[in-house]
Amino acid sequence: MLEAMVTWLKRDHPDAVLDFMCTGPDKVTARYGISALPMNWYQKHEQVTGAPATMLRMLGKGVDAFRVASWVRRHDAVIVPGAGVLEATLPIGPWWYPYAMLLLTASGRVFGTKVALVSVGASAPSQRLTRVFFRTAAKLAFYRSYRDTGSYDAMRRAGVDVTHDHVYPDLAFALPVPSADPGDPMTVGVGVMAYYGTNDDRPQAEEIHVAYVKKMKRFVRWLADSGYRIRLFGGDNKWDDGIVEEILGDLRNHRPDLEPMWAVTNPVSSLDELMQVMAPVGTIVAIRYHNVLCALKLCKPTVSLGYARKHDLLMADMELAEFCQFANTFDVDRLVGQFTALQGRSGQLRQTMAERNAEKVRLLEQQFAELSVLLFPAKRPADTPADHERAREITGLG
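Residues numbered from 1 in each chain as written. Predicted model: local features only at pLDDT ≥ 70, side-chain atom pairs only at ≥ 80, totals over all residues. Heavy atoms only, no water.

S.K.: Please clarify how the pattern of salt bridges should be interpreted in this entry.
M.R.: Any two side chains of opposite charge can pair, so long as their charged atoms come close to each other. Summed over the entire model, instances satisfying the criterion amount to 20 salt bridges. Between Arg218 and Asp333 there is a salt bridge, with its nearest N and O atoms 2.7 Å apart. Here the residue Arg218 occupies a position in helix H7 (residues 205–225), and Asp333 occupies one in helix H12 (residues 332–344), the gap between them amounting to 115 residues. The exposed category is assigned to Asp333, whose relative accessible area is 51%. Taking the shortest distance from any N to any O, the salt bridge between Arg362 and Glu359 comes out at 2.7 Å. Here Arg362 pairs with Glu359, and both are found in helix H13 (residues 346–375), just three residues apart, close to one helical turn. For Arg362, a relative accessible area of 44% puts it in the partly exposed group. Overall, the relative accessible area of 27% leaves Glu359 in the partly exposed class. Members of the salt-bridge network, linked through shared partners, are Glu87, Arg147, Asp170 and Lys310. (Salt bridge = Lys/Arg side-chain N within 4 Å of Asp/Glu carboxyl O. Helix = DSSP H or I, 4+ residues; strand = E, 2+ residues; numbered from the N terminus. Buried < 20%, exposed > 50% of the residue type's maximum accessible area, 1.4 Å probe, protein only.)

Here you go:
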């Protein structure tokens, strides 16, 4: 999503001066050669444990209020590009992203900076404080658009006036596609994650995790026994790689005769890398939302093992509603049946996905044009050196 936004800004607003406040600032700076600040002051103290860690976290919330306000104040516009920044479908506490989003939009309102939430995901969390932070953050934003109707409805139910808000596709649909090749029908991409249930499943988290991994092992074994080559991938290297290796290790124990290249892992650190990994495969089974999204963008017949309504909405929009299951309770035998049916209809489904993808690109271009008018209005001619310097739009990406 960040890649799509930066590409648009450089294309349509080359005079904009960019910087970032984000998680993983070192990676962002290495990728774009532009300065980046950590979203949270506490990030540089993550290795601290015990009582000192608790104290630093508490201190950090106060420090962040001043850090974020100071950063936002220096900008004409701050863009939050996509992702589920207003949702709590996976385990998250109120003092992480919910608090960060509140600080961003509140600072924008205080200092007159236009904070735009662009094609974001949203939900109506059951935790009261998280719900309050999200609702207030959304209300204070200068611009809001949502990546699906479920997010739009969630904010409406939360009490946000969505009269002037819009639903646009996920920004990832604006990224270039590495290949239009249908891939090898006998090679299957399997996206897994360190899944412990939704934000409401914390008491059963370990039980859900064990059951999920056990069933994924069984499905991967079936793929190998049925003659399919397998590419395993996650979506968050910090957490998912261990699960990928565990499933691959189980397959090696089950089939010690299997050639090493018959089943491989492919670590990824960006959506571009993810699509490069997906390009050679014919069919994909995945759980992470953006694993599913990238598969659909590549016109790969896909089965979604989703953990939130956003998965079902995305799949339905691609006319793949029958190829969904809920990650907490998915049935392996049914998954095998869905996968087999998917294989038999792959040609027809790829054509439908190509048509839907083209429409999503058109809609995102429409949103970019809308943002150009709202965030980069025509300026009067600059009369002084100071005016000339100010005429350069300063844009932060949170």
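S.K.: How should helix H6 (residues 149–157) be read in this particular structure?
M.R.: An α-helical turn contains 3.6 residues, so any two residues separated by three or four positions project in the same direction. When we look at burial in H6, the residues that qualify are Gly150, Ser151, Ala154 and Met155. The arc enclosing the buried residues of H6, seen along the axis, measures out at 135 degrees, which places them on a common side. Against the buried residues of H6 lie strand S4 (114–120), helix H5 (128–140), strand S5 (143–146) and helix H11 (309–317). One side-chain oxygen of the residue at the start of H6 lies 3.2 Å from the amide nitrogen of Gly150, identifying that residue as Asp148. (Arc of directions from axis to C-beta. Contact = heavy atoms within 4.5 Å. Polar contact = N/O pair within 3.5 Å; in protein donor to acceptor, adjacent residues only side chain to side chain.)

S.K.: Would you take a moment to explain unusual backbone geometry for this structure?
M.R.: What you tend to see is this: most non-glycine residues have negative phi, and most peptide bonds are trans. The backbone of Ala83 sits at a positive phi, close to 70 degrees, despite the residue not being glycine. Note on placement: Ala83 falls in the loop between strand S3 (77–81) and helix H4 (97–111). In this model, Cys299 sits at a positive phi of 60 degrees, which is unusual for a non-glycine residue. Mapped onto the elements of the fold, Cys299 is located in the loop between helix H10 (289–297) and strand S11 (302–306).

S.K.: Explain the environment of Arg157 to me, please; I cannot follow it from the model alone.
M.R.: Note that Arg157 resides in helix H6. Given a relative accessible area of 54%, Arg157 falls into the exposed group. Measuring from C-alpha to C-alpha, the distance between Arg157 and Arg135 comes to 9.8 Å, with 22 residues separating the pair along the chain.

S.K.: How do you make sense of the sheet that holds strand S8 (residues 229–233) when you look at a structure like this?
M.R.: Sheet strands line up and pair through hydrogen bonds in the backbone, either parallel or antiparallel. Strand order in the open sheet made by the six strands is S9-S8-S7-S10-S11-S12, with parallel pairing throughout. A strand with exactly one partner marks an edge of an open sheet, and here the two such strands are strand S9 (263–265) and strand S12 (324–326). Neighbour-to-neighbour, the strand axes of the sheet open up by a mean angle of 20 degrees, direction not taken into account. Pairing of strand S7 (residues 184–191) with S8 involves five bridges; the strand directions are parallel. For Gly191, the partnering residue across the bridge sits in S8 and is Phe233. Contacting S7, S8, strand S10 (281–286) and S11, H7 runs over the sheet at an angle of about 170 degrees to S7. Relative to the sheet, helix H9 (residues 271–278) contacts S8 and S10, its axis offset from that of S8 by approximately 170 degrees. (Pairing = 2+ DSSP bridges. Axes fitted to C-alpha atoms, helices over the stretch in contact; angles between N-to-C directions.)

S.K.: In this structure, what is going on with the side chain of Asp148? I would like to understand it.
M.R.: Within the secondary structure layout, Asp148 lies in the loop between S5 and H6. Separated by 3.2 Å, the side chain of Asp148 and the backbone nitrogen of Gly150 make a polar contact. Contact partners of Asp148, with chain neighbours within four places excluded, come to Val167, Tyr168, Lys310 and Leu313.

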